[in-house]
Amino acid sequence: MSVTAGYLDCHRHQRLDLSALRDRFGPDAPAMEWDLRPMKCAVCGGKRITLTYSPDTRPKDLHRKKA
């Protein structure tokens, strides 16, 4: 799963580092839109954001070494 934040004031997009969020808030911390809503853009300081949740669609054995 990946989550991308879109900032409505400056039209910037940023993929969130879910591992860093887990390390900061714990593995059981919720990551729904209303949980992440207090975020703000590091560039413009805008707080109006959209979040896009995308599943990982890569083949499961993409990184598996062949014998």
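Structure: see above.
Residues numbered from 1 in each chain as written. Predicted model: local features only at pLDDT ≥ 70, side-chain atom pairs only at ≥ 80, totals over all residues. Heavy atoms only, no water.

1. Let's talk about the overall build of the protein chain
- In terms of regular secondary structure, the protein chain is built from 2 helices and 3 strands.
- Element order for the protein chain, N to C, with α for helix and β for strand: β-β-α-α-β.
- Counting the 67 residues in the protein chain, one finds 18% classified as buried.
- Excluding contacts between residues fewer than 6 apart, the proportion of contacts in the protein chain whose partners are at least 24 apart in sequence is 53%. (Helix = DSSP H or I, 4+ residues; strand = E, 2+ residues; numbered from the N terminus. Buried < 20%, exposed > 50% of the residue type's maximum accessible area, 1.4 Å probe, protein only. Contact = heavy atoms within 4.5 Å.)

2. A closer look at the environment of Leu18
- Along the polypeptide, Leu18 turns up in helix H1 (residues 18-25).
- A relative accessible area of 30% places Leu18 in the partly exposed class.
- Considering only alpha carbons, one finds Leu18 and Met1, 17 residues apart in sequence, at a separation of 8.8 Å.
- Apart from residues lying up to four places away in sequence, Leu18 is in contact with Met1, Ser2 and Val3.

3. Focus: the sheet that holds strand E2 (residues 13-15)
- Read across the sheet, 3 strands follow the order E2-E1-E3 without closing on themselves; strand pairing throughout is antiparallel. On the outer flanks of this sheet lie E2 and strand E3 (49-54), each paired with one strand and no other. The sheet shows a mean angle of 20 degrees between the axes of neighbouring strands, direction not considered.
- Pairing geometry for strand E1 (residues 2-7) and E2, over 3 bridges, is antiparallel. Within the sheet, the bridge partner assigned to Thr4 lies in E2 and is Arg15. (Pairing = 2+ DSSP bridges. Axes fitted to C-alpha atoms, helices over the stretch in contact; angles between N-to-C directions.)

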